[in-house]
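Below, each chain spelled out in residue letters.
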Amino acid sequence: MDATTVTVTGAGGQIGYALLFRIASGAMLGPDRPVRLRLLEIPQGLKAAEGAALELQDCAFPLLRSVEITDDARTGFDGANIAMLVGARPRAAGMERGDLLAANAGIFGPQGAALNEVAAADIRVVVVGNPANTNALIAAASAPDIPGDRFAALTRLDHDRAVAQLADATRRSVTDVAGVTIWGNHSATQFPDLDHATVAGRPAREVLADALGGADAVTRWLDDEFVPRVAKRGAEIIAVRGSSSAASAANAALSHIRDSLLGTGDGWTSAAVLSRGEYGVAEGLYSSFPVTSDGSGYRIVEGLSLDDRARARLDASVAELTAERDAVRALGLI
Ligand code: NAD
Ligand code: LMR
């Protein structure tokens, strides 16, 4: 089988360190597909990437064909089949959201343009670096020859967090949980939705009512515990761990690519993909939706009902995405 070229940006950082070894082991592309790794960093990050490359060599992974390190985007993305855009500018003290958007546009604009010029025809891109949805929008806008549906932003971590919280509350296994959806932005406004979820084949609300003591208790748990817990989990990890989630984010990025390439099977997962107006989300935004893949890329699951509560929460998150898009547009970045 031909080797797949996977480019990881920010490869010298925390998520990169948790991601590279699992890609090289075959956990992302499957046990038969050889991989060529490209590590794209800024000059200050090259030494850390070089260290990771030495350790990759020491693992003697049978599927790993090569590791190349560069600080040049065109070299890094040349012939890439998969690009995982992890490297981003973190929010510094005193930085406003507009400053953060502008700083990251300076990264994702040129990277999108380089992908447009040199990536393989089948390129698929996942944006992990925050603000992920709007960074995906910027990268895609800078890559006019790559179809917009080849870009996505990561909300799989939010999805997996929601699955784990539901399993915990119902004292069931995560493998019993299906039909969870993350809607909107990868931010505190996101809407983790259990309205179509099931636990061991039964509606999640019913199973939760048994576990929590009735329907009113379920509504309180959803609004006061579940939604804020999942939506603010990133901040909770930062507060407890002292830095943002890394291994779980790497795991989610890997699962996002794996399921896009190998398929989602019977169920669905969540990813922030290009809206064509589905569920009333403004066309052109990268918003999280329920998605499936047969191996050819993510498609939005259509036809789910949204009650007033769900509609209001989705609309609030989409309003934030719209404001982010308008901010980068006003800065002339898209
Ligand atoms: P980190 O600071 O440990 O690593 C980031 C790396 O990116 C650094 O090595 C840095 O040198 C590199 N970098 C910066 N600009 C670059 C550029 N222009 N090109 C290539 N590399 C560049 O950070 P981390 O913990 O690995 O997190 C990375 C990003 O992922 C952050 O933006 C974080 O907020 C985000 N994140 C997203 C999710 C999600 O679910 N979407 C979850 C966790 C973290
Ligand atoms: C996460 O969800 O863990 C991160 O996106 C949080 C962050 O701000 O880095």
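Because the structure is a prediction, the values reported are computed rather than measured.

Peer 1: Looking at this structure, how should I read the pairing of strand E4 (residues 82–85)?
Peer 2: Put simply, side chains in a regular strand alternate between the two faces of the sheet. The alternating pattern of E4 places Ile82 and Met84 on one face and Ala83 and Leu85 on the opposite face, and all of these are buried. As paired strands, strand E1 (residues 4–9) and E4 are joined by four bridges and run parallel to one another. Residue pairing in the sheet places Thr9 in a bridge with Leu85 of E4. Note: E4 against strand E5 (residues 124–127), four bridges, orientation parallel. What sits directly across from Ala83, in E5, is Val125. Handedness of the crossover joining E4 and E5 through helix H4 (residues 97–118) is recorded here as right-handed.

Peer 1: Would you mind going over the pairing of strand E13 (residues 286–293) with me for this structure?
Peer 2: The buried fraction of E13 is high, at seven of eight residues. Across six bridges, strand E12 (residues 269–274) lies against E13 in antiparallel orientation. Bridge pairing in E13 places Val273 opposite Ser287. Both E13 and strand E14 (residues 298–300) contribute to a ladder of three bridges, which runs antiparallel. From the neighbouring strand, Ser293 faces E14, where its bridge partner is Tyr298. Linking E13 back to E14 in an antiparallel pair, the connection comprises four residues, with Gly295 at a positive phi of about 110°.

Peer 1: Sorry, what's going on with the site of ligand 1 here?
Peer 2: As a structural note, the neighbourhood of ligand 1 is formed by 30 residues, with Gly10, Gly13, Ile15, Gly45 and Gly87 the closest of them. At three residues, helix H1 (residues 14–25) tops the list of elements feeding residues into the shell around ligand 1. Class assignment of the residues belonging to the shell around ligand 1 gives a composition of 14 nonpolar, 14 polar and two charged.

Peer 1: Help me understand the packing of helix H5 (residues 132–141) against helix H11 (residues 308–330), please; the structure alone is not making it clear to me.
Peer 2: Running from N to C, H5 and H11 point in directions that differ by 45°, and their axes come no closer than 10 Å. Judged on the interaxial angle alone, H11 and H5 are oblique. Relative to H11, the crossing made by H5 is right-handed. Each of Asn133, Thr134, Leu137 and Ile138 in H5 lies in contact with H11, whose residues at this interface are Leu321, Glu324, Arg325 and Val328. Classifying every residue of the contact of H5 with H11 by side-chain character gives four nonpolar, two polar and two charged.

Peer 1: Before we go on, may I ask you to explain the UniProt feature "binding site: NAD(+)" (unreviewed entry) in the protein in this structure?
Peer 2: UniProt feature "binding site: NAD(+)" (unreviewed entry): in the numbering of this structure it lies at Gly10, Ala11, Gly12, Gly13, Gln14, Ile15, Gly16, Asn104, Gln111, Val128, Gly129 and Asn130. Relative to the elements of secondary structure, Gly16 occurs in helix H1. A residue is classified by how many C-beta atoms lie within 10 Å of it, and Gly16, with 25 of them, is buried. What Gly16 contacts, discounting residues up to four positions off in sequence, is Val8, Gly10, Ala11, Ala52 and Val86. Tracing the backbone shows Asn130 in the loop between E5 and H5.

Peer 1: Could you clarify how one ought to interpret the site of ligand 2 in this entry?
Peer 2: Around ligand 2, the surrounding shell consists of Asn130, Leu157, Gly234, Ile237, Ser244, Ser245 and Ala249. Here the shell around ligand 2 is built from residues that sort into three nonpolar, four polar and no charged.

Peer 1: How should I be thinking about the UniProt feature "active site" (unreviewed entry) in the protein in this particular structure?
Peer 2: Mapped onto this numbering, the UniProt entry annotates "active site" (unreviewed entry) at His186. The exposure class assigned to His186 is buried, which follows from the 30 C-beta atoms found within 10 Å. Filtering out sequence-adjacent residues up to four positions away, His186 remains in contact with Ala132, Asn133, Ala153, Leu154, Thr155, Asp158, Ala272 and Ser288.

Peer 1: Explanation requested: the sheet that holds strand E7 (residues 177–178) in the structure shown.
Peer 2: Strand-to-strand pairing in sheets goes through backbone hydrogen bonds, with the strands running parallel or antiparallel. Taken in spatial order, the three strands make up an open sheet running E7-E10-E11, and their pairing is antiparallel. The sheet is open, and its two edges are formed by E7 and strand E11 (202–203), each paired on a single side. The pairing of strand E10 (residues 198–199) with E11 spans two bridges and is antiparallel. Considered in E11, the bridge of Val199 is made with Arg202.

Criteria and cut-off values
Residues numbered from 1 in each chain as written. Chains lettered and ligands numbered in written order. Predicted model: local features only at pLDDT ≥ 70, side-chain atom pairs only at ≥ 80, totals over all residues. Buried ≥ 20, exposed ≤ 12 C-beta atoms within 10 Å, placed from the backbone. Helix = DSSP H or I, 4+ residues; strand = E, 2+ residues; numbered from the N terminus. Pairing = 2+ DSSP bridges. Right-handed = clockwise from strand over helix to strand, strands pointing away. Near = placed C-beta within 6 Å. Nonpolar A, V, L, I, M, F, W, Y, C, P; charged D, E, K, R; others polar. Axes fitted to C-alpha atoms, helices over the stretch in contact; angles between N-to-C directions. Parallel < 35°, antiparallel > 145°, perpendicular 65-115°, else oblique. Left-handed = near helix turned anticlockwise from the far one by under 90°. Contact = placed C-beta atoms within 7 Å. UniProt positions renumbered as here; feature names shortened; annotations may be inferred.

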